[in-house]
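Residues per chain, in single letters:
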Amino acid sequence: MTSKFEKVKASQLLTMKETGKKIVMMTAYDFPTAQILDEAGVDILLVGDSLGTVIQGHETTLPVTLDQMIYHAEMVTRAAKRAFVVVDMPFPYCQLGPDEAVRAAARVIKETGANGVKIEGGQDRIATISAVIQAGIPVMGHCGLMPQSIRKLGGYKIQRNPDQLDNDLQSLQENGVFAAVLECVPKQLSFKMSQKYKIPLIGIGAGKGCDGQVLVFHDFALWAAKEPQELPKHARVYVNLHEIILKAVQNFAKDVRSSDFPSDSESFD
Ligand code: KIV
């Protein structure tokens, strides 16, 4: 690991893979959360378009706008002293072709100071991904389950096509992505792909054979109006903030109603 305030670089992620050090990645959407994750030594902060579901309460990530991504990413980059910050390209900029994608990715980098962008897609989106990389913007790929293509994929399903994944990763590596997320892929397949490709593969629902793992902060902290059993099978709850905050707010309401709050020491003469 680098010293606390030495910024993680894309080249270091490659070295981590080569030396067998697992990469830790989490989503962050605001300043205080990003500050804690950075202090804890998370290597990559992802400003995921999952904010559409966990922050905005939508059913999918599709409604999230570019301006919203920039708004959240700017807070996260300001907090990140060490972590490498990656911002999701929201639907549909990369689906509209290379010109739209380069313009949008350039706005993300210029207006937020992030270190790179993440683009969903493989072989069939490679012209767009390549154009963004040619524009000097580091790109992280995202294969397997791609939430922006949820209508085409027919739902949030495990992606089991080995040839498709192999072709996607081959194209991504050849065109210069610095890493890729593998989402909802059988563990034997992602292990094989991690062995085959040089770029770091960061899994979510892809087993422990990947070069690193990413967890959505709001799943990690149960920071949503969800029961643990409603979370995806691959998510692990490390702290139940829903329960902690619910109890604290109930205590606050009780103290207000009984005139226990504010006390004299919490008031001014
Ligand atoms: O948007 C997001 O949070 C993501 C992760 C699931 C990898 O893309």
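Structure shown above.
Being a predicted model, the structure only gives us computed values, none of them experimental. (Residues numbered from 1 in each chain as written. Predicted model: local features only at pLDDT ≥ 70, side-chain atom pairs only at ≥ 80, totals over all residues. Heavy atoms only, no water.)

Q: How would you sum up the pairing of strand β7 (residues 201-204)? Please name residues and give values.
A: Across the two faces of β7 the burial is the same, with L201 and G203 and I202 and I204 all buried. As paired elements, strand β6 (residues 179-183) and β7 share four bridges and run parallel to each other. Bridging across to β7, A180 finds its partner in L201. Crossover handedness for the path β6 to helix α9 (residues 187-196) to β7: right-handed. Of the strand pairs in this sheet, β7 and strand β8 (residues 212-215) are connected by two bridges, and their pairing is parallel. The residue bridging I202 from the neighbouring strand is G212, located in β8. (Buried < 20%, exposed > 50% of the residue type's maximum accessible area, 1.4 Å probe, protein only. Helix = DSSP H or I, 4+ residues; strand = E, 2+ residues; numbered from the N terminus. Pairing = 2+ DSSP bridges. Right-handed = clockwise from strand over helix to strand, strands pointing away.)

Q: How would you sum up the site of the ligand? Please name residues and give values.
A: Inspection of the region around the ligand gives T27, L46, G48, D49, S50, D88, K118, H142, V181, E183 and I204 as its neighbouring residues. Take S50: an N or O atom from its side chain is 2.6 Å from an oxygen atom of the ligand. Between the ligand and D88 there is a distance of 3.0 Å, counted from an oxygen atom to a side-chain nitrogen or oxygen. When isolated, the ligand has an accessible area of 260 Å², and the protein chains bury 95% of it. Looking at the shell around the ligand, its residues break down into three nonpolar, four polar and four charged. (Near = heavy atom within 4 Å. Polar contact = N/O pair within 3.5 Å; in protein donor to acceptor, adjacent residues only side chain to side chain. Areas by Shrake-Rupley, 256 points an atom, 1.4 Å probe, with all protein chains shown as cover. Nonpolar A, V, L, I, M, F, W, Y, C, P; charged D, E, K, R; others polar.)

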